[in-house]
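Listed below, chain by chain, are the residues.
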Amino acid sequence: MNGGGEASGGGEASSHRTVLDAIHQMEHKVLTAIQQLEERLSRLESSVTSAAVSGANPSAALSDSTSKPPARSRGDLVVPPAPRPVTGRTAGTPGVQDGAPRAPSAIDTTARLMEEDRRRAEEAKLREEQARKHREMEEARKRQEQEQKQREEEEKAKKRALLDEKRKALLGTLVQDGPTNSKPGVGRCAPPLFSSSVRRLHTTPPARGTEVYHAGLITTEFTTSLNISKQSQVIPIFRVLNYDGELDAGWELPFSKEEMLDKYKFMVRLSVWDDMMYNIQRQGRISFYIQNMGEEAAQTGSGSALSIDDHLWCQYRELGVLMWRGFTLEDALDQCFSTKGDEGKGRQMPISYTKKDINLQTISTPLTTQVPHAAGSGYAFKLAGEKRCSVAYFGEGAASEGDFHAALNFASVLKSQTIFICRNNGYAISTPVKDQYAGDGIAIRGLAYGMQTCRIDGNDLVAVYIATKKAREICVNNSEPVLLEFMTYRMGHHSTSDDSAQYRPEGEFEAWNQPGINPIARVRKFLVNAGMWDADQDAELRREAKSTMIAEMKKGEKKKRYPIIPGVFDDVYDQRPWNLEEQAESMQAHLAKYPQQYDQTQYESSA
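Numbers given to residues run from 1 along each chain, matching the order in which its sequence is written. Per-residue local features are limited, in this predicted model, to residues with pLDDT of at least 70; the limit for side-chain atom pairs, both in listing and counting, is 80 or more; totals at the level of whole chains, interfaces and linings are taken over all residues. The side-chain figures draw on all heavy atoms in the structure; neither hydrogens nor water molecules are used.

An unreviewed UniProt entry lists the chain under the name 2-oxoisovalerate dehydrogenase subunit alpha, from Vitrella brassicaformis. UniProt positions are given in the numbering used here, feature names are shortened, and annotations may be inferred rather than shown by experiment. The annotation that UniProt attaches to the chain under Function (unreviewed entry) is "The branched-chain alpha-keto dehydrogenase complex catalyzes the overall conversion of alpha-keto acids to acyl-CoA and CO(2). It contains multiple copies of three enzymatic components: branched-chain alpha-keto acid decarboxylase (E1), lipoamide acyltransferase (E2) and lipoamide dehydrogenase (E3)."

This is how it looks when you write it as structure tokens:
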């Protein structure tokens, strides 16, 4: 009985091995020849299903389905089966190898393969859909770029057309037959665009063989002679009152002799007060001062020729300009003493004057910052159609700063109503002019920027007045800037922090202080020649000026300073924000808590 059982078990094992070999063969073929999978799966599914329904041996159905392989095309790949040997059996489980999992049935394998095929098909479809969307997005992006580029090209074309129309409207046809120059090496040239300093536009049609006007040039002239040069036109120094105190031939005073006397008295008082301000700094009563000595005529002449409506943008050596307009000695002392009478509330260093009523913009000690401001202010007056101008005062040292060049170019191109007044006094602190520039002074720069320009004897009160008056007339009526260069001399130190004896050549001061060259002495000569002045009157004027200064100084030193808390926290914003209010309250409490540590007697109470 046992022998029969073993025989029966051997038959079943043989049958199962046949089935497993067929399954392995099918699976191997499917995996290695995926292109034949659909046809083979269809046949295999049909055979296995029929065998299961009829109860026939699956191995027989499988053998039938595999005994007749489908017709193969020339390109089919034929892979021989790879039988897997069975080395042992598990008791009670015929045909299963020792320790191996149960082999899947043909139906399970078919279902798995169909599911994998479906998944691959879905993945392929998804990839195709993504690729399609990517292509559509890329095509849309390219279309947008092309449309944008086309729009930009159209916009550029419109702008070019508009500029061409404007250029034609403004310039007309800026070419015509030019005269044949008789100079050797000079051929046919276009006529000058400027005539008598007036720009004229030529509108005659161009003729054949004419030269074309070059934008940016005043005159277009061609030559066959090579000429590299640094020579420029001579800019003379305008002078009316000579060294003997006499008016040069052809000139009369632009004001009455009585007005000349008033201007002289003003210059003397300015000189006395200026010297005393220097001395009180040396006594430690103020911290800093800059003198005006030697430039009284330049300040008085230009200041008296301007209108009170004009806005002043000064540097720091123009006290006479300010006082002529109504800036009093009391105002000057209040600022230098930092008292409550100073409109700047004592916050600025001495000589940083300010006064709204006389249109004086607050003086800023950093060099040249006021010059571009003046150019912008004058441009605003032009745009508003106002008959006033902006006036910038500066020294030749400031003209070495970049702000100077930017301001002049701005004003010249935009026709700003600005007068630029340069006090060429020979020194930028301790640097003489020979070490500052190699060109022909400052006036030549005005011409280079296409600006109306004049060079004046800055020690000639009359010439300064006439030139400034004319410059203002041109500036306001023609709406264009003017540059004036006053040739003068700084007779004092740069400031109380300077000692000019360390760098001033021997004999230079004495040469500029001669009676005919010194600005005050030159006017005095005129008055003496006219029988309007003598030495006694001059001495009395100086005593009176000194007494006035002493009295004002005594009053000024008794004035209290602006209250501490408002002085620190006001004018940062229009209204104090909460954080500044907190800080102000904290500081007030601190001062109240430690009064013995802080001397507040010099300050006005803020209560």
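Continuing now.
**Observations regarding the packing of helix α5 (residues 257-282) against helix α8 (residues 329-337)**
In this analysis, axes come from line fits to C-alpha atoms, helices being fitted only over the stretch in contact, and the angle between any two N-to-C directions falls in the range 0 to 180 degrees. To qualify as a helix, a DSSP run of H or I must reach at least 4 residues; to qualify as a strand, a run of E must reach at least 2; elements of each kind are numbered from the N terminus. It is at 13 Å that the axes of α5 and α8 come closest, and there the two elements cross at 20 degrees. The angle between the axes of α5 and α8 places the two elements in the roughly parallel class. Relative to α8, α5 is oriented so that their crossing is right-handed. Facing Trp-273, Met-277 and Ile-280 of α5, the residues of α8 in contact are Leu-329, Ala-332, Leu-333, Cys-336 and Phe-337. Split into classes, the residues belonging to the contact of α5 with α8 amount to 8 nonpolar, no polar and no charged. Angle categories are assigned with fixed cut-offs, so that under 35 degrees is roughly parallel, over 145 is roughly antiparallel, 65 to 115 is roughly perpendicular, and the rest are oblique. Helix crossings fall into two classes, left-handed where the near helix is turned counterclockwise from the far one by less than a right angle and right-handed where it is turned clockwise. In what follows, a contact means two residues having at least one pair of non-hydrogen atoms within 4.5 Å. Under the grouping applied here, Gly and all other residues not named as nonpolar or charged are polar, the nonpolar ones being Ala, Val, Leu, Ile, Met, Phe, Trp, Tyr, Cys and Pro and the charged ones Asp, Glu, Lys and Arg.

**Some words on the packing of α5 against helix α12 (residues 461-478)**
Orientation of α5 relative to α12, taken along the N-to-C sense of each, is 110 degrees, at an axis distance of 12 Å. When the axis of α5 is compared with that of α12, the two are roughly perpendicular. From α5, Met-260, Lys-263 and Met-267 reach across to α12, where they touch Leu-461, Val-462 and Tyr-465. Classifying every residue of the contact of α5 with α12 by side-chain character gives 5 nonpolar, no polar and 1 charged.

**Considerations on the pairing of strand β6 (residues 418-424)**
A large share of β6 lies buried, amounting to 7 of its 7 residues. Exposed residues in this analysis have more than 50% of their type's maximum accessible area, buried residues have under 20%, and partly exposed residues fall in between, with area computed by a 1.4 Å probe over protein chains only. What you see with β6 is no split at all: Thr-418, Phe-420, Cys-422 and Asn-424 on one side and Ile-419, Ile-421 and Arg-423 on the other are buried throughout. Here a strand pair is declared whenever DSSP counts at least two bridges between the two strands. Across 6 bridges, strand β5 (residues 390-395) lies against β6 in parallel orientation. Bridging across to β6, Val-391 finds its partner in Ile-419. A crossover counts as right-handed when, viewed with the strands pointing away from the observer, the path leading from the first strand over the helix to the second turns clockwise. Remark: the β5/helix α10 (residues 402-414)/β6 crossover connection has right-handed handedness.

**Focus on the side chain of Asp-310**
Along the chain, Asp-310 turns up in the loop between α6 (296-305) and β4 (311-313). For Asp-310, a relative accessible area of 0% translates into the label buried. Polar contacts here mean pairs of N or O atoms no more than 3.5 Å apart (in protein, one a potential hydrogen donor and the other a potential acceptor; neighbouring residues in sequence count only if both atoms are side-chain atoms). One polar contact links the side chain of Asp-310 to the main-chain amide nitrogen of Cys-389, over a distance of 3.0 Å. The contact partners of Asp-310, leaving out residues within four places of it in the chain, are Arg-325, Ile-358, Asn-359, Arg-388, Cys-389, Val-391 and Arg-472.

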